[in-house]
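Commentary on secondary and tertiary structure
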Amino acid sequence: CRPKGFGASRFHTRPPTGILASTSEEYTPTSNGAALSLEYTEGRLLLSQHSASSRRRANVSTMPLTVLSGDDVRQLLPMTDAIDTARNAFVAVAQRTAVCPTRAVANVQAGEDTNTYLAMTAFVPGSGAAAKLVTVFPGNSRTGAAAAVNALCVVFDDATGLPVCAMDGTSVTAIRTGVSI
(Lines give C-alpha, C1' and ligand atoms only; values in the text may rest on other atoms or scores of the structure.)
Protein backbone atom coordinates (compact mmCIF):
# COMPACT_ATOMS: atom_id res chain seq x y z
CA CYS A 1 0.00 0.00 0.00
CA ARG A 2 2.08 2.91 -1.20
CA PRO A 3 0.01 6.02 -1.84
CA LYS A 4 2.27 9.07 -1.79
CA GLY A 5 2.09 11.21 1.33
CA PHE A 6 0.32 8.48 3.25
CA GLY A 7 3.10 7.14 5.49
CA ALA A 8 4.09 4.92 2.58
CA SER A 9 7.30 3.54 4.06
CA ARG A 10 5.48 2.27 7.16
CA PHE A 11 2.76 0.12 5.58
CA HIS A 12 4.69 -3.13 5.25
CA THR A 13 6.67 -2.89 8.47
CA ARG A 14 3.90 -3.04 11.07
CA PRO A 15 1.14 -5.64 11.11
CA PRO A 16 -2.32 -4.12 11.50
CA THR A 17 -4.24 -4.76 14.70
CA GLY A 18 -7.10 -7.21 14.65
CA ILE A 19 -5.48 -9.56 12.11
CA LEU A 20 -4.48 -13.03 13.19
CA ALA A 21 -0.72 -13.55 13.27
CA SER A 22 -0.86 -16.50 10.89
CA THR A 23 -3.64 -18.61 9.46
CA SER A 24 -4.75 -19.95 6.09
CA GLU A 25 -7.92 -21.18 4.42
CA GLU A 26 -8.58 -22.78 1.05
CA TYR A 27 -11.72 -22.44 -1.07
CA THR A 28 -12.97 -23.97 -4.32
CA PRO A 29 -15.21 -21.20 -5.63
CA THR A 30 -15.30 -21.89 -9.37
CA SER A 31 -17.20 -24.41 -11.47
CA ASN A 32 -13.97 -25.66 -13.06
CA GLY A 33 -12.53 -26.60 -9.66
CA ALA A 34 -9.89 -23.88 -9.43
CA ALA A 35 -9.00 -23.21 -5.82
CA LEU A 36 -8.28 -19.95 -4.07
CA SER A 37 -6.33 -19.85 -0.86
CA LEU A 38 -6.10 -17.02 1.64
CA GLU A 39 -3.14 -16.84 3.95
CA TYR A 40 -2.69 -14.24 6.71
CA THR A 41 0.91 -13.81 7.75
CA GLU A 42 2.22 -10.96 9.89
CA GLY A 43 -0.73 -8.71 9.08
CA ARG A 44 -0.63 -9.33 5.32
CA LEU A 45 -3.21 -11.16 3.27
CA LEU A 46 -1.89 -13.37 0.47
CA LEU A 47 -4.44 -14.53 -2.07
CA SER A 48 -3.37 -17.33 -4.44
CA GLN A 49 -5.26 -19.06 -7.22
CA HIS A 50 -4.30 -22.65 -7.86
CA SER A 51 -4.55 -24.78 -10.96
CA ALA A 52 -7.83 -26.64 -11.51
CA SER A 53 -6.16 -29.33 -13.63
CA SER A 54 -3.98 -30.66 -10.84
CA ARG A 55 -4.22 -30.85 -7.08
CA ARG A 56 -0.66 -29.64 -6.52
CA ARG A 57 -0.34 -26.02 -5.51
CA ALA A 58 0.66 -24.24 -8.70
CA ASN A 59 0.34 -20.49 -8.23
CA VAL A 60 -1.47 -18.86 -11.10
CA SER A 61 -1.42 -15.46 -9.44
CA THR A 62 -0.35 -14.07 -6.10
CA MET A 63 -1.62 -10.86 -4.59
CA PRO A 64 -0.06 -9.59 -1.36
CA LEU A 65 -2.56 -7.29 0.29
CA THR A 66 -2.10 -5.14 3.37
CA VAL A 67 -5.24 -4.81 5.48
CA LEU A 68 -5.59 -1.80 7.80
CA SER A 69 -8.15 -1.30 10.55
CA GLY A 70 -9.48 2.12 11.53
CA ASP A 71 -6.97 2.28 14.38
CA ASP A 72 -4.15 1.48 11.92
CA VAL A 73 -5.27 4.24 9.55
CA ARG A 74 -5.45 6.82 12.34
CA GLN A 75 -2.00 5.80 13.62
CA LEU A 76 -0.33 5.67 10.20
CA LEU A 77 -1.81 8.93 8.87
CA PRO A 78 -0.82 11.88 11.04
CA MET A 79 -2.89 15.01 10.45
CA THR A 80 0.07 16.87 8.88
CA ASP A 81 0.42 14.09 6.25
CA ALA A 82 -3.35 14.10 5.72
CA ILE A 83 -3.35 17.85 5.09
CA ASP A 84 -0.49 17.55 2.56
CA THR A 85 -2.18 14.61 0.82
CA ALA A 86 -5.53 16.43 0.60
CA ARG A 87 -3.82 19.56 -0.73
CA ASN A 88 -2.02 17.53 -3.41
CA ALA A 89 -5.26 15.79 -4.38
CA PHE A 90 -7.19 19.07 -4.66
CA VAL A 91 -4.39 20.56 -6.79
CA ALA A 92 -4.43 17.49 -9.08
CA VAL A 93 -8.21 17.80 -9.49
CA ALA A 94 -7.95 21.57 -10.18
CA GLN A 95 -5.18 20.98 -12.75
CA ARG A 96 -7.22 18.16 -14.31
CA THR A 97 -4.38 15.66 -13.90
CA ALA A 98 -6.51 13.48 -11.62
CA VAL A 99 -9.25 11.25 -12.97
CA CYS A 100 -12.13 11.51 -10.52
CA PRO A 101 -15.47 10.41 -12.01
CA THR A 102 -18.84 11.14 -10.45
CA ARG A 103 -19.68 8.65 -7.72
CA ALA A 104 -22.03 5.78 -8.47
CA VAL A 105 -25.09 5.63 -6.23
CA ALA A 106 -27.60 2.83 -5.69
CA ASN A 107 -30.57 3.41 -3.39
CA VAL A 108 -32.41 0.28 -2.25
CA GLN A 109 -35.67 0.32 -0.33
CA ALA A 110 -35.44 -1.90 2.77
CA GLY A 111 -38.71 -1.76 4.68
CA GLU A 112 -39.13 1.77 6.00
CA ASP A 113 -35.51 2.68 5.21
CA THR A 114 -33.68 3.49 2.01
CA ASN A 115 -30.20 1.97 2.13
CA THR A 116 -27.58 3.62 -0.05
CA TYR A 117 -24.52 2.09 -1.71
CA LEU A 118 -21.85 4.47 -3.03
CA ALA A 119 -18.76 3.76 -5.16
CA MET A 120 -16.11 6.43 -5.66
CA THR A 121 -12.93 6.01 -7.68
CA ALA A 122 -9.94 8.24 -8.36
CA PHE A 123 -6.62 8.05 -10.16
CA VAL A 124 -3.69 10.43 -9.75
CA PRO A 125 -0.69 9.79 -12.02
CA GLY A 126 2.28 8.65 -9.94
CA SER A 127 0.11 7.94 -6.90
CA GLY A 128 -2.08 5.20 -8.27
CA ALA A 129 -5.77 4.49 -8.13
CA ALA A 130 -8.14 4.03 -5.26
CA ALA A 131 -11.77 3.16 -4.72
CA LYS A 132 -13.97 3.86 -1.75
CA LEU A 133 -17.12 1.83 -1.21
CA VAL A 134 -19.64 3.26 1.25
CA THR A 135 -22.89 1.94 2.65
CA VAL A 136 -25.48 4.08 4.43
CA PHE A 137 -28.00 1.99 6.38
CA PRO A 138 -30.13 4.37 8.49
CA GLY A 139 -31.81 1.44 10.28
CA ASN A 140 -28.51 0.51 11.92
CA SER A 141 -28.90 3.54 14.18
CA ARG A 142 -32.14 2.10 15.58
CA THR A 143 -31.00 -1.51 15.88
CA GLY A 144 -27.42 -0.94 16.99
CA ALA A 145 -26.31 -3.70 14.60
CA ALA A 146 -23.55 -1.51 13.16
CA ALA A 147 -22.80 2.11 12.43
CA ALA A 148 -25.19 3.77 9.97
CA VAL A 149 -22.30 4.66 7.62
CA ASN A 150 -19.55 2.15 6.81
CA ALA A 151 -16.79 2.27 4.21
CA LEU A 152 -13.88 0.37 2.70
CA CYS A 153 -11.02 1.89 0.69
CA VAL A 154 -8.88 -0.12 -1.70
CA VAL A 155 -5.61 1.18 -3.18
CA PHE A 156 -4.37 -0.29 -6.47
CA ASP A 157 -0.80 -0.60 -7.75
CA ASP A 158 -0.08 1.96 -10.49
CA ALA A 159 1.90 -0.50 -12.66
CA THR A 160 -0.08 -3.76 -12.34
CA GLY A 161 -3.56 -2.71 -11.26
CA LEU A 162 -3.44 -5.22 -8.40
CA PRO A 163 -5.04 -4.18 -5.12
CA VAL A 164 -2.24 -3.60 -2.61
CA CYS A 165 -4.11 -2.25 0.40
CA ALA A 166 -7.61 -2.51 1.85
CA MET A 167 -8.39 -0.20 4.72
CA ASP A 168 -11.21 1.00 6.89
CA GLY A 169 -12.81 3.75 4.84
CA THR A 170 -14.86 5.23 7.66
CA SER A 171 -11.71 6.51 9.37
CA VAL A 172 -10.29 7.72 6.02
CA THR A 173 -13.51 9.68 5.44
CA ALA A 174 -13.40 11.21 8.91
CA ILE A 175 -9.77 12.31 8.45
CA ARG A 176 -10.40 13.65 4.95
CA THR A 177 -13.45 15.59 6.14
CA GLY A 178 -11.42 17.07 9.00
CA VAL A 179 -8.62 18.33 6.76
CA SER A 180 -11.02 19.77 4.19
CA ILE A 181 -12.81 22.12 6.57
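Heads up: the structure comes first, above all this text.
Our subject in this report is the structure included herewith. All values derive from a computational prediction rather than experimental measurement.

Attention now goes to the nonpolar core. Core analysis: the largest hydrophobic core is formed by 14 residues, its most contacted members being L68, V73 and M167. Elements supplying a minimum of two residues to this core: α1 (70–76), α2 (79–94), β8 (149–156), β9 (163–168) and α4 (169–180).

Attention shifts here to the packing of aromatic side chains. Applying the stated criterion across every chain yields a total of one aromatic pair. Both rings, one in Y117 and one in F137, keep their centres 5.6 Å apart while their planes meet at 85°; by these two values the pair is edge-to-face. Separated by 20 residues along the polypeptide, Y117 in strand β6 (residues 113–124) and F137 in the loop between β7 (128–136) and α3 (139–143) bring together distant segments of the chain. What makes F137 partly exposed here is its relative accessible area of 22%.

Close contact between α2 and α4 brings their axes to 9 Å; oriented N to C, the two are set at 75°. Judged on the interaxial angle alone, α4 and α2 are roughly perpendicular. Contacts between α2 and α4 involve M79, A82, I83, A86 and F90 from the former and I175, R176, V179 and S180 from the latter. For the contact of α2 with α4, a count of residues per class yields seven nonpolar, one polar and one charged.

The rules behind these values
- Residues numbered from 1 in each chain as written.
- Predicted model: local features only at pLDDT ≥ 70, side-chain atom pairs only at ≥ 80, totals over all residues.
- Heavy atoms only, no water.
- Core = buried A, V, L, I, M, F, W, Y, C linked by side-chain atoms within 4.5 Å.
- Buried < 20%, exposed > 50% of the residue type's maximum accessible area, 1.4 Å probe, protein only.
- Helix = DSSP H or I, 4+ residues; strand = E, 2+ residues; numbered from the N terminus.
- Phe/Tyr/Trp six-rings, centres within 6.5 Å; stacked < 30°, edge-to-face > 60°.
- Axes fitted to C-alpha atoms, helices over the stretch in contact; angles between N-to-C directions.
- Parallel < 35°, antiparallel > 145°, perpendicular 65-115°, else oblique.
- Contact = heavy atoms within 4.5 Å.
- Nonpolar A, V, L, I, M, F, W, Y, C, P; charged D, E, K, R; others polar.

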